[in-house]
Amino acid sequence: MLKAFDSIEAAQMDTGIVDTHTLNTERSMALDFVRANPARGGATSCPVCGKSHLRNFMTLESTPYLRCEHCASIFISVHPDIIEQYKNYEPINNFRSTEEYQAIASEKRMSVWNDLVFWVRFRCARYLQKYNGLDVVLYGGHYQGLSNNLENSGLCGSYRLEASVLSTAPESASSPGADVLLYLDQLAREAAPLQALSKLHGKLKTGGLLILSTRVGSGIDILTMKEKIKNVFPYEHTLLASVNGLEILVNHAGFELLEIQTPGALDVKYLRDNVAAMGEDNLYLRYLLETADNATLAEFQNFLQKSGTSSHARIIARKK
Amino acid sequence: MGKAMEPVKTIVIGMGKMGQIRCRAMANHGGYQLVAVCDADPSRCEGWNVPIYTDWHACLAESDAQAVIVCTFNNVIADIVCEALAMGLHVFSEKPPGRSLAEAMRMQSALQATKGLILKFGFNHRYHNSIIEARALVDSGLLGDIVCARGVYGKAGGHLYTSEWRNDVEISGGGILLDQGIHMMDLLCYFLGDFTSISSMVDRLVWDDIATEDSAFAILKSAEGKTASLHSSAIQWKHKFDLDIICTKGYIALNGLLTATQSYGEERITYYRRDLRQLTGKLGNPVSHTMSFDTDSSWDYEMNEFYDAVCRDIPIQNGTIEDAVRVMRLVEQVYAADGEGNRQC
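First, a word on what this report is: a plain description of the structure on this page. Along each chain, numbering runs from 1 in the same order as the chain's sequence is written. Chain letters start at A and ligand numbers start at 1, both assigned in the order the entries are written. The model is predicted, so local features are restricted to residues of pLDDT at least 70 and side-chain atom pairs to those at 80 or more, both for listing and for counting; the totals for chains, interfaces and linings are taken over all residues. Think of the side-chain values as coming from all heavy atoms in the structure, minus any hydrogens and water.

Some remarks on unusual backbone geometry
Consideration 1: Going from Pro-234 of chain A to Tyr-235 of chain A, the amide bond is cis rather than trans, its omega being -15°.
Consideration 2: Elements are defined by DSSP. Helices are runs of H or I of four residues or more, strands are runs of E of two residues or more, and each kind is numbered from the N terminus. Residue placement: Tyr-235 of chain A occurs in the loop between α7 (220-225) and β9 (239-240).
Consideration 3: Along the chain, Lys-95 of chain B connects to Pro-96 of chain B via a cis peptide bond; the corresponding omega equals -5°.
Consideration 4: Position of Pro-96 of chain B relative to the elements: it lies in the loop between β5 (90-94) and α4 (101-112).
Consideration 5: Phi is positive for Ser-62 of chain A, close to 65°, though the residue is something other than glycine.
Consideration 6: One can find Ser-62 of chain A in the loop between β2 (54-60) and β3 (63-68).
Consideration 7: What makes Ser-62 of chain A exposed here is its relative accessible area of 71%.
Consideration 8: For Gln-129 of chain A, which is not glycine, the phi torsion reads 60° and is therefore positive.
Consideration 9: In this structure, Gln-129 of chain A sits in the loop between α4 (99-128) and β5 (134-139).
Consideration 10: Exposure is judged per residue with a 1.4 Å probe applied to protein chains only, and the accessible area is read against the type maximum: over 50% gives exposed, under 20% gives buried, and values in between give partly exposed. With relative accessibility at 62%, the residue Gln-129 of chain A sits in the exposed group.

Let's talk about α4 of chain B
Residue and element names in this part refer to chain B.
Consideration 1: One fewer than the residue count of a helix, multiplied by 1.5 Å, yields its expected span. When the terminal C-alpha atoms of α4 are compared, their 16 Å separation across 12 residues agrees well with the 16 Å that a helix rising 1.5 Å per residue should span.
Consideration 2: Taken together, the buried positions of α4 are Leu-101, Glu-103, Ala-104, Met-107, Gln-108, Ala-110 and Leu-111.
Consideration 3: Any two residues having at least one pair of non-hydrogen atoms within 4.5 Å are treated as being in contact. On its buried face, α4 sits against α3 (77-86), β6 (119-122) and α9 (321-337).

With respect to the nonpolar core
Consideration 1: Residues grouped as a nonpolar core are buried Ala, Val, Leu, Ile, Met, Phe, Trp, Tyr and Cys residues, joined through side-chain atoms within 4.5 Å. Tyr-235 of chain A together with Phe-191, Phe-241 and Leu-243 of chain B are the most contacted members of the largest nonpolar core, which totals 149 residues.
Consideration 2: Residue contacts for Leu-243 of chain B: discarding those within four places in its chain leaves Ala-149, Arg-150, Gly-151, Met-184, Leu-187, Leu-188, Phe-191, Ile-252, Ala-253 and Leu-254 of chain B.
Consideration 3: In this structure, Cys-49, Phe-75, Ala-241 and Leu-246 of chain A belong to the second largest nonpolar core, which totals 33 residues.

See the structure below:
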């Protein structure tokens, strides 16, 4: 595996990419579902690595999260059927399909999406020696702007949006398979991640690329804030695999891991905005966040990206 | 000789630092069988459990080899390469390709007199991760066309620098430009193509008591109008490797190079997209993407390529004799274009 550490210094990141009202609405809807369909617990092994060294990590909205001592992934012990029901939960899916939701998302995220699509084309050029005319699948997701951006980028010879609230098209048969499959910010909703990735494996050509991004459980935000964190909630975040856990997962699912990065850019901003909620256990971090100048904090964010401890991971893996 | 079959029986001539590196890379590959080693100082050959020679002629003549790796001083490279080719051996040689353009062309003629033999030169920088990534980005066209580049490659001569063989023109053929700057020259050619116009300054700026240059500056221009600058230095007291590649729609910066000493700093590639509308920030400060690398597999990649050429008929892509002759012609032109008129300052 190429050990590449992609770090992003985004001058505009101070404005953030999340709309607070939208996030709160999604969170409220998700918690309605959780209250009606609580997690029953009972896990004896980690869904990522299969090991049984589990510890209680935190409780969010009466939902316990466990942490694997072996791979450091964090997860809810919940039956996969409940998660499948959550994925089809109409109130939240309908909300995400509204024009207003899509417009706000596009306004906040278009610059980031432009950058992402450029990066995807670059990596396709690197690993497939092609950056256009490819058979591309965007699997899951609920952002029309990203889907449109990708479809019109020149990357795609053919393009399919599958398993999305924005698409009613049936999922494609596994043959002949895609050159590139993007699975962006979906893994966190999985209770059975290996099965999910194995399914995606079947949708790719041999040698095809899986490009995956997800919130991780080894990031500074969740490990620092724990139950005080505001942008993690069940079942939208059922699984926060660690960086090590992601490596285990993609290998077990039949992929060759080509690169893994943690390019999250907003961790320090998030922590600084929520420093008051930080417990007494983090006095050093509180002091740093309250006293450091912007240049130092930017360097700190860069360190998090490079050390693999920012909140989001991005993976490229090749189907063996 | 016919095409070699696995494993490739190989001898290594010159068992100094580079010879040791090549032996390890061959061992990593697994497709080579080391059958003899040769060095004027036999103590350098210890530990490889194969016949040891101190005379390279005898080593070539007596070893049942299919390929030879040449890791000697510059003054014998051309002789060994030509004799090995004449004996029907595939050849991998360290850079520089001899001491002069004439020696490079002599090796070219020797290769042309053979049928189906492989000759590859070790320009390993092309196989560093940052270079591989930059090449993929350039080839994709996503940043537009290259218009110019700026390369700086420098190291500090140590306290024994004045007595090093590298500064004995009879042995080395040139100074820091031929020793280290040739890598940057090769990379500029790799990205921008050949150059047809050169102006230069070659000088001893600090090391007054060496016969070669400690600094070389060159401005190069291609027939298509692409322009490059090169600064090769033996007075870069903190080692430096920087290559900026400026394209019509963006810019690539390569900083640092992962080496055994780690003295060139972290190897990084950063790319920036042109952002005239300031969508991602202030003008001149677009979003930057940086990748850094913690592995250098360049030696292994080179041995892979040589093996594939010998055993699988896959043409050499990097370090061909054409690359070698081109870069030696440019090096000679840098020396010649200087007002002093020659490499000996």
